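What follows is each chain in one-letter form.
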Amino acid sequence: MKKISIIGVPMDLGQTRRGVDMGPSAMRYAGVVERLERLHYDIEDLGDISIGRAERPDDEGLRLNLRNLKAVAEANEKLATVVDDVIKRGRFPLVLGGDHSIAIGTLAGVAKHYKNLGVIWYDAHGDLNTAETSPSGNIHGMPLAASLGLGHPALTHIGGYSPKVKPENIVLIGVRSLDEDEKRLIREKGIKIYTMHEVDRLGMTTVMEETIAYLKGRTDGVHLSLDLDGLDPHDAPGVGTPVIGGLTYRESHLAMEMLAEAQLITSAEFVEVNPILDERNKTASVAVGLMGSLFGEKLV
C-alpha cells in the first residue's frame, strides 16, 4: 500500500492578497483525505506547519524587493525539514498550499533524496523572477528561480544547499504570463516549456507524452508543482493571480491521469487555492479531484 503524508502550509506571505493561507483547510474540507483513502492509500495528515507573522514593517525585505523575506524563509526551512522526514520514512509528501513560495521549501526537502530530480511546473506563470527582476517583490513569483540557485541566499540555500534542480530537468506546462526577464532566462537555460500555444497546437495528450518521455530519460524522481491558476479562471476562480485562456478542467485531469499511468511522480504540491476569492469552494474541489486522478482514480 502506498503511503501518503499530507502537509498543510497556510502561507500567504509570498504575495499580498489575503485568503490563500486558508487553502489547506479548504482542500481538507473538500475531502482530500477521504478521496485518497477510497483509493486504498495509507493517509497520514500531519496538519499545518506553523507560519510566523510577517514583520511590520519588514524593512529589510522591502529594501531588497523581497516582501516578508525573513518569515517566508523561516517557514520554508520548517517545510523542508518536514518533507525530508516524510521521504526518509518511505512516504509520499503531498503538500497543500498556501502561496507558491512554499515550493522553495518543498523542493529543498525533496531534492536531497535524488541525484537528478525532475520538476513539472504546472502553472500560468514561470515563477522565475528574482529580486532584481520582480515587478512586485512577491516571493511567490520566485520559487523556481530560487530552486535553480538564482536569487537571495536566504531563499536559494533553504535546507543548506543549492541548487535543488537543474534547468534541463524542468518542464513548464500551461504558461501564459511571463515577464521579459523570465523569457530570457528560459531561453538562456534551455528550460523546456509548453505554453498555452503549444497545448492548443499539439493537444494535451502529446504535451504529456513528450513531458513523460523527456523526464523519464533523465531523472530519478519527479516533483509536481501544480498552481491552480494554471487552470482557466472559469474552472478555478479561487486563485490570487488568474490569467484567462488557461488549461481546462478536463485537460488537467487527462494530464494527471497520464502521470498516474506513467508512475512518474514522487512528490507533489497543490498551491494558490484562495477560498475568499472562490465560488462555493469550487477551486479546492477541483484541486482534490486532480489529486484523485494523479493517484490513480479512473472514470470507470
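See above for the structure.
Rules of the game
Going along each chain's sequence as written, the residues are numbered from 1 onward. Confidence filtering applies because this is a predicted model: local features only for residues at pLDDT of at least 70, side-chain atom pairs given and counted only at 80 or more, and all residues used for totals across whole chains, interfaces and linings. Excluding hydrogens and water, the side-chain values take into account all heavy atoms of the structure. Being paired, for any two strands, means DSSP has found at least two bridges between them. Numbering of helices and strands runs from the N terminus, with a helix taken as a DSSP run of H or I at least four residues long and a strand as a DSSP run of E at least two residues long. Only the stretch in contact is used when a helix axis is fitted, and all axes are lines through C-alpha atoms; the angle between N-to-C directions ranges over 0 to 180 degrees. Contacts described as polar in this section are N or O atom pairs within 3.5 Å, which, within protein, must combine one atom able to donate a hydrogen with one able to accept it, while residues neighboring in sequence count only if both atoms come from side chains. Contacts between residues were defined by any pair of non-hydrogen atoms, one from each residue, lying within 4.5 Å. Here, a salt bridge means any side-chain nitrogen of Lys or Arg that lies within 4 Å of a carboxyl oxygen of Asp or Glu.

1. Describing the sheet that holds strand 8 (residues 265-271)
Then, in step 1: Read from one edge to the other, the open sheet built from eight strands follows the order 2-1-3-8-7-4-5-6, with strand pairing classed as parallel. The outermost strands of the open sheet, each flanked by one partner alone, are strand 2 (42-48) and strand 6 (192-195). Put simply, the sheet's adjacent strands are angled 15° from each other on average, direction ignored.
Then, in step 2: Looking at chain direction, strand 3 (residues 92-97) and strand 8 are connected through three bridges and run parallel. Residue Leu 96 lies in a different strand from strand 8, and its bridge partner there is Phe 270.

2. Let's talk about the side chain of Gln 15
Then, in step 1: Secondary-structure assignment places Gln 15 in the loop between strand 1 (3-9) and helix 1 (23-29).
Then, in step 2: Among the polar contacts made by the side chain of Gln 15, one reaches the main-chain carbonyl oxygen of Arg 17 at a distance of 3.0 Å.
Then, in step 3: Apart from the residues within four sequence positions on either side, Gln 15 is in contact with Val 20, Arg 67, Asp 99, Asn 138 and His 140.

3. Quick word on the pattern of salt bridges
Then, in step 1: A complete count under the given rule lists 15 salt bridges for this structure.
Then, in step 2: Across the pair Glu 44 and Arg 91 runs a salt bridge, and its minimum N-O distance is 3.3 Å. Of this pair, Glu 44 sits in strand 2 while Arg 91 sits in the loop between helix 4 (69-88) and strand 3, and the two are 47 residues apart along the sequence.
Then, in step 3: Counted as one network, the salt bridges with shared partners bring together Asp 42, Glu 44, Asp 85, Arg 89 and Arg 91.

Function cannot be inferred from these measures alone, as they are strictly geometric.
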